[in-house]
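# Observations on the three-dimensional arrangement
Letter by letter, the chains look like this.
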Amino acid sequence: DEFLESGQLLPENLEEAANEVGQKLTVRRHEKFDHSYLFISAFVDDHIKFHAKRLRKAQGMHIASVTSIGDDASETAGKPITCKAAVARAPKQPLTLET
C-alpha cells in the first residue's frame, strides 16, 4: 500500500491512541489489499453493519435491517460518493447527522 509505505496512514498511531484511553478498537489488515476503492468496497458492508448495530443499541433506534450494497460498484467507480453519518464530536455528546 503506497499510502502506508509513504507514512500517510499511521494505523499504529490510532491503535496507540485508542489503547491510551481504553477505547476498544479493531484494525483489520488483509494481505494483498491496499488502501483503495477495491478494499473499501470489499469490506464496506461489514463496516456499515458494525456501526448500525452500535447506533441501534446506543440510541434505541429501530432500524429493520441494513441491506447489502451489492457487489457491482460500477455505478460509482471513479465518482465522488456523498454519505450521511451519525457523528459525535466529543465523548458523551449526542450524535448529529452530517453529510
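Reference entry: report on the structure contained in this document. (Residues numbered from 1 in each chain as written. Predicted model: local features only at pLDDT ≥ 70, side-chain atom pairs only at ≥ 80, totals over all residues. Heavy atoms only, no water.)

### A few points about the packing of aromatic side chains
We count it as follows: Here is the rule: rings of Phe, Tyr and Trp (six-membered ring for Trp) pair when centre to centre is within 6.5 Å. Planes less than 30 degrees apart are stacked, more than 60 are edge-to-face, and the remainder are tilted. Criterion for a charge above a ring: Lys NZ or Arg CZ within 6 Å of the ring centre, and within 35 degrees of the ring normal.
In total, this model carries zero aromatic pairs according to the counting rule given. Between R54 and the ring centre of F50, over which it is positioned, the NZ or CZ distance is 3.7 Å.

### Quick notes on a nonpolar patch on the surface
Rule in force here: Patch membership needs two things, relative accessible area over 30% and no salt bridge, and members are linked within 9 Å if like-charged or within 5 Å if nonpolar (Val, Leu, Ile, Met, Phe, Trp, Tyr). Residue burial considers only the protein chains on display, and all accessible areas are found by Shrake-Rupley using a 1.4 Å probe. Basic side-chain nitrogens of Lys or Arg form a salt bridge, by our definition, when they fall within 4 Å of a carboxyl oxygen of Asp or Glu. In this description a helix means any DSSP run of H or I spanning at least four residues, a strand means any run of E spanning at least two, and both kinds are numbered starting from the N terminus. Per-residue accessibility, obtained with a 1.4 Å probe over protein chains only, is compared with the maximum for each type, and a residue is labelled buried under 20%, exposed over 50%, and partly exposed between these values.
Where nonpolar side chains cluster on the molecular surface, the patch consists of Y37, L38 and I81 and spans about 310 Å² of accessible area. Along the chain, Y37 falls in helix α3 (residues 37-59). Since its relative accessible area comes to 34%, Y37 is described here as partly exposed.

### Digging into α3
Our working definition: Multiplying one less than the number of residues by 1.5 Å gives the expected span of a helix. Bend is computed residue by residue as the angle between axes fitted to the seven residues ending at the residue and the seven residues starting at it.
With 23 residues, α3 extends 30 Å between its outermost C-alpha atoms, agreeing within 8% with the 33 Å of an ideal straight helix rising 1.5 Å per residue. Residue F43 marks the point of greatest curvature in α3, where the axis turns by about 50 degrees. Every buried residue belonging to α3 is among F39, F43, V44 and A52, and all of these are buried.

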